[in-house]
Each structure stands twice: as structure tokens, then as C-alpha cells.
Amino acid sequence: MNFKPLNISGLIADIPIIQGGMGVGVSLSGLAGAVAKEGGIGVIAAAQIGFNLPGFVSNPFNANLEALSYHIKKAKEKALGGVVGVNIMCAVSHYADYVKCSIENKADLIISGAGLPLNLPELVKGSATKIAPIVSSVKAAAVLLKLWDKKYSTTADMIIVEGPKAGGHLGFTLEELENEVDFSENLKKIISEVSNYEEKYNKKIPTIFGGGIFDKHDIEYYLNLGLAGVQMATRFAATEECDAHENFKFAYVNAKQNDAVIVKSPIGLPGRALNNEFIRKVTTGGKTLIEKCHSCIADCNPKNIPYCITNALINSVTGNVDQGLIFCGDTVHKINEITTVKKLMKELSPC
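Only a predicted model underlies this, so the values are computations on that prediction, with no experimental measurement involved. Sequence order as written defines the numbering, with residues in each chain counted from 1. Local features in this predicted model are restricted to residues whose pLDDT is 70 or higher, and side-chain atom pairs enter the listing and the counts only when it is 80 or higher, whereas totals over whole chains, interfaces and linings include all residues. Only hydrogens and water are set aside when side-chain values are computed; all heavy atoms of the structure are taken into account.

Enquirer: Please explain the overall build of the chain as it appears in this structure.
Expert: A run of H or I in DSSP becomes a helix once it reaches four residues, and a run of E becomes a strand once it reaches two; helices and strands are each numbered from the N terminus. Scanning the chain from terminus to terminus reveals 13 helices and 13 strands. Scaling as 2.2 N^0.38, a compact globule of 351 residues should have a C-alpha radius of gyration of about 20 Å, and the chain matches this with 19 Å. Counting only C-alpha atoms, the chain reaches 55 × 40 × 40 Å along its principal axes. Any residue under 20% of the maximum accessible area for its type is buried, any over 50% is exposed, and the rest in between are partly exposed; the area is computed with a 1.4 Å probe on protein chains only. Relative to its full complement of 351 residues, the chain shows a buried share of 56%. Pairs of residues are marked as contacts when any of their non-hydrogen atoms sit within 4.5 Å. For the chain, the share of sequence-separated contacts (at least 6 apart) that also reach a separation of at least 24 residues comes to 65%. Carbon and sulfur atoms form 49% of the exposed surface of the chain, whose accessible area is close to 15,500 Å². To get the radius of gyration, use the C-alpha atoms; to get the globule rule, take the number of residues to the power 0.38 and multiply by 2.2 Å. Using a 1.4 Å probe, accessible areas were evaluated by the Shrake-Rupley method; residue-level cover was limited to the displayed protein chains.

Structural data, given as C-alpha cells:
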């Protein structure tokens, strides 16, 4: 089947594939710029993006703003007119400041999950930046769209639905993840809910699905359900352009079936990651010493958590994969080589 371009309130991506944001430091300007250049939507992960700057330890907030500004500009240069977005988790400290920084540096799109971005329309008002919330249920989509409609007289430019097979933090309970069901019916209900606001605001609101998508046949399946496109992250991590250390990429290549496990983050959210020495330690009651809080999550108290998620993610992205948290999707075991973004996009697109 032919893939239709993705139209997000006038923002056009030739190929309806969004590269999911991966932090800390996995999807920066290198990966995002390359994906956008090939016609997809490249996404920079804002989470602790300044981790490798000299001033990060003493002032992570300033380092993050500096790095976010740099990577948006760099990605847009590499994209040669392609679409570049920023993923900003609602749960992060200084959320509004990261949104403002993204707008000032002319990010095309802001994607927000890990909570509902209740005030995002207010933060982007008057800018050309489009907004796309991440939801995992019909209820979440209905609540958010109703609130935006009532409070701001506006709606989303795009909706991203993350399913139970996605990587990173997931919008499901452990029980829901353990008793996995076909997610297709939920997608149809979400599309129906979104259509109410398409009619009211007289515009198309593309609904995108992410989670467990591996190849062109998966993409075609979801497009046939009525979705406008897909979000993929795991496959883009195993590319030459991915900003992570080679050890991180080869952890994906070497992963076997059942190596991806459900873990609980320090703030209680379930997530999917590769099983390794670090995961085995923290899941059996072990704790890691937290010498300094990096103020990454607004509601995190370092006195009450088993490990620092920032440190764990920095370890993995910089190559210390045995002592790091390696988020991944459910299909990670299918990856058997490191490829290029260009080759991957060609493989995923219609002939």
C-alpha cells in the first residue's frame, strides 16, 4: 500500500513515521536530524539533555536549556527542511521552561507524555509550534481533549497513542501489562473520540500509534485500522546516527527473546527495559548510592527511591550498559544489526 504524507495542521512529513523520543541522550540532533532529512519526523528527547555538558552536575537546569537549544538548531540544520519535534515529559521539573525553549528555537512539534499536558495549549499560544499529547487510553484522550476544548477553546494537532508493547515509561498498570489484550479495539475507540473534535474544529487530527511496531507490515496493519501514521523508537536506536554509545546499540543487537522485562521506575511508573546486572540488583531489593539529586522529576524524593533514574540512564547511554537502565520496546529481540537511518527508512517505506 502507498503511505500518505502526514499532515499535522499544515506541517507535512512525507513519510508517516515518527521516531520516538528516547532519553537520556539516545535521540539528540544526530538521530532526529537524520530521520527528518529522510522524510519522517525526527524527535529530540528533552529529558536531561545536557547530561554531557561540564556544568550539568552543578546546574542541570541551565545545562539542559543550553543543550536543548543547541540540539534543536543542529537537528533542523541537518533536516534540510524536514520536521523536527521535541519530546518533553510532563513529569519533569521546569516543564514550562523546556516548552518555551523549544518554541524559541523553532521546534516544529512538541510531544508530551508521562502524564497529561494539561496547560500545553497556553504555553504554545501565539507560536507556530504544533502540539501532540501522548495517551494510552480512551479515557485519557477524552479527558484531555475535553479540558483543552473547554479551557482553551482549542484542540490537539495530533494524538499519539502508546500501547503496552512500547519501551520506556508506560501508561499502564503492571496488571494490565501482564494480562495483555489486543489493543486494536482501544485504538478504534480513540480514533472515534478524536473525530468529535475534528468535526468541532473543522480540521484533521492525525492519530498515531506506537508500541511493538517493527516492520513495514506492522505499519500497514495500523494504517488499515484508520491511523494516520506510526511512532517507532527501538529500531532507530540501532542505527549509526543514534546518539548513544556503541555499547548501547549492541545491547539491542544482542538482545534475545524475553530479555525485555517490565521494571518499576523510582517514581513508581512501570517501564520496559533490557534485563541486565543493574535491573537484577534493583529488582531484588538492592539500592544504589545517590550522592546528588539532578532534579529531573518534579515529585521524586531521593531519600525514598532505590536508584537515581538520571544516573542509570546516563550510564547506559555513555556505554556502561551493565550498570545502566536500557529502555527498549517489546520487539528489541528482532534486531540483529546496526543499520543507517536511510536504509531503515527505505526498508519501512513502500517500494
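Enquirer: How should I be thinking about the pattern of salt bridges in this particular structure?
Expert: Opposite charge on two side chains lets them pair, provided their charged atoms get close. One side-chain nitrogen of Lys or Arg within 4 Å of one carboxyl oxygen of Asp or Glu is enough to make a salt bridge. Scanning the model with the defined rule gives eight salt bridges in all. Across the pair D108 and K76 runs a salt bridge, and its minimum N-O distance is 3.2 Å. With D108 in the loop between α3 (95-104) and β6 (109-112) and K76 in helix α2 (residues 60-79), the pair connects residues that are 32 residues apart, well separated along the chain. Here E246 ties to K249 by a salt bridge, and the two come within 3.3 Å at their closest N and O atoms. Taken as a pair, E246 and K249 lie in helix α10 (residues 246-253) at a separation of three residues, close to a single helical turn. Here E246 falls in the partly exposed class, since its relative accessible area comes to 41%.

Enquirer: Explain the side chain of Q231 here, please?
Expert: In this fold, Q231 is placed in strand β11 (residues 229-232). Apart from residues no more than four positions distant in its own chain, Q231 is found in contact with I18, G20, I160, E162, I208, F209, G210, G211 and I213.

Enquirer: Would you explain unusual backbone geometry in this entry?
Expert: For residues besides glycine, phi is generally negative; the peptide bonds are generally trans as well. At the junction of G23 and V24, the peptide bond is cis and its omega measures out at 0° in the coordinates. Mapped onto the secondary structure, V24 falls in the loop between β3 (17-19) and α1 (29-37). Residue S153 is not a glycine yet carries a positive backbone phi of 55°. Along the polypeptide, S153 turns up in the loop between α5 (138-152) and β8 (159-162). Take S153: its relative accessible area is 56%, and that puts it in the exposed class. The phi torsion at N258 lies on the positive side, around 80°, for a residue other than glycine. By secondary structure assignment, the location of N258 is in the loop between α10 and β12 (260-264). Taking the relative accessible area as the measure of exposure, N258 reaches 67% and is therefore exposed.

Enquirer: Is there a simple way to explain the pairing of strand β7 (residues 130-135) in this structure?
Expert: Counting buried residues in β7 gives six out of six residues, a clear majority hidden from the surface. By this definition, two strands are paired if DSSP reports at least two bridges between them. Judged from the two bridges that link them, β7 and β8 form a sheet pairing that is parallel. If you follow V135 over to β8, its bridge partner there is V161. At this point the chain moves from β7, through α5, to the parallel β8, and the crossover so formed is right-handed. For a crossover, the right-handed case is the one in which the path from the first strand over the helix to the second runs clockwise, viewed with the strands pointing away from the viewer.

Enquirer: Looking at this structure, how should I read the packing of aromatic side chains?
Expert: Two numbers describe a pair of aromatic rings. These are the distance of the centres and the angle of the planes. Stacked, tilted and edge-to-face are the three classes applied to pairs of Phe, Tyr and Trp rings, where Trp contributes its six-membered ring and a pair requires centres within 6.5 Å; stacked means planes under 30 degrees apart, edge-to-face means over 60, and tilted covers the rest. Tallying each qualifying case throughout the model produces six aromatic pairs. An aromatic cluster of three or more residues is present, and its members are F183, F209, Y221 and Y222. Consider the ring centre and the ring normal. A charge sits over the ring if Lys NZ or Arg CZ is within 6 Å of that centre and within 35 degrees of that normal. Here the basic side chain of R235 rests over the ring of F214, its NZ or CZ set 4.1 Å away from the ring centre.

Enquirer: Mind showing me how you'd approach the environment of D108 here?
Expert: Classification of D108 by relative accessible area gives buried; the value is 15%. Expressed as a C-alpha distance, the spacing of D108 and I41, which sit 67 residues apart in the sequence, is 9.6 Å. For D108, the residues in contact, after removing those within four places along its chain, are L11, K76, G82, V83, V84, A128, T129 and K130.

Enquirer: I keep staring at the nonpolar core and nothing clicks. Help me out?
Expert: One broad rule of soluble globular proteins: the nonpolar side chains tend to lie buried together. In plain words, nonpolar cores are sets of buried Ala, Val, Leu, Ile, Met, Phe, Trp, Tyr and Cys residues tied together by side-chain atoms within 4.5 Å. Residues I17, L68, I88, I219, F236, Y252 and L325 are the most contacted members of the largest nonpolar core, which totals 102 residues. Setting aside residues no more than four positions away along its own chain, L325 makes contact with V263, A273, F278, I279, Y307, I309, A312, L313 and S316.

Enquirer: What exactly am I supposed to notice about the environment of P60 here?
Expert: Within the secondary structure, P60 is located in helix α2. Judged by relative accessible area, which is 12%, P60 ranks as buried. It is 38 Å that separates the C-alpha atoms of P60 and P5, two residues lying 55 residues apart in sequence.

Enquirer: How should I be thinking about the packing of α5 against helix α7 (residues 184-201) in this particular structure?
Expert: Packed helix pairs are characterised by how far apart their axes lie and by the angle those axes make with each other. Axis definition: a line fitted to C-alpha atoms, over the contacting stretch in the case of helices. Angles run 0 to 180 degrees between N-to-C directions. Put simply, α5 and α7 touch, their axes get as near as 9 Å, and they point 15° apart. Between α5 and α7, the interaxial angle falls into the category roughly parallel. Both α5 and α7 take part in a crossing whose hand is right-handed. Residues V138, A141, A142, L145, K146 and D149 of α5 lie in contact with α7, whose contacting residues are N186, K189, I190, E193, V194, Y197, K200 and Y201. Among the residues forming the contact of α5 with α7, the class breakdown is eight nonpolar, one polar and five charged. The labels follow the angle: roughly parallel below 35 degrees, roughly antiparallel above 145, roughly perpendicular from 65 to 115, and oblique for the rest. Put simply, a crossing is left-handed when the front helix is turned counterclockwise from the back one by less than a right angle, and right-handed when it is turned clockwise. The nonpolar class holds Ala, Val, Leu, Ile, Met, Phe, Trp, Tyr, Cys and Pro. Asp, Glu, Lys and Arg form the charged class, and all remaining residues, Gly among them, are polar.

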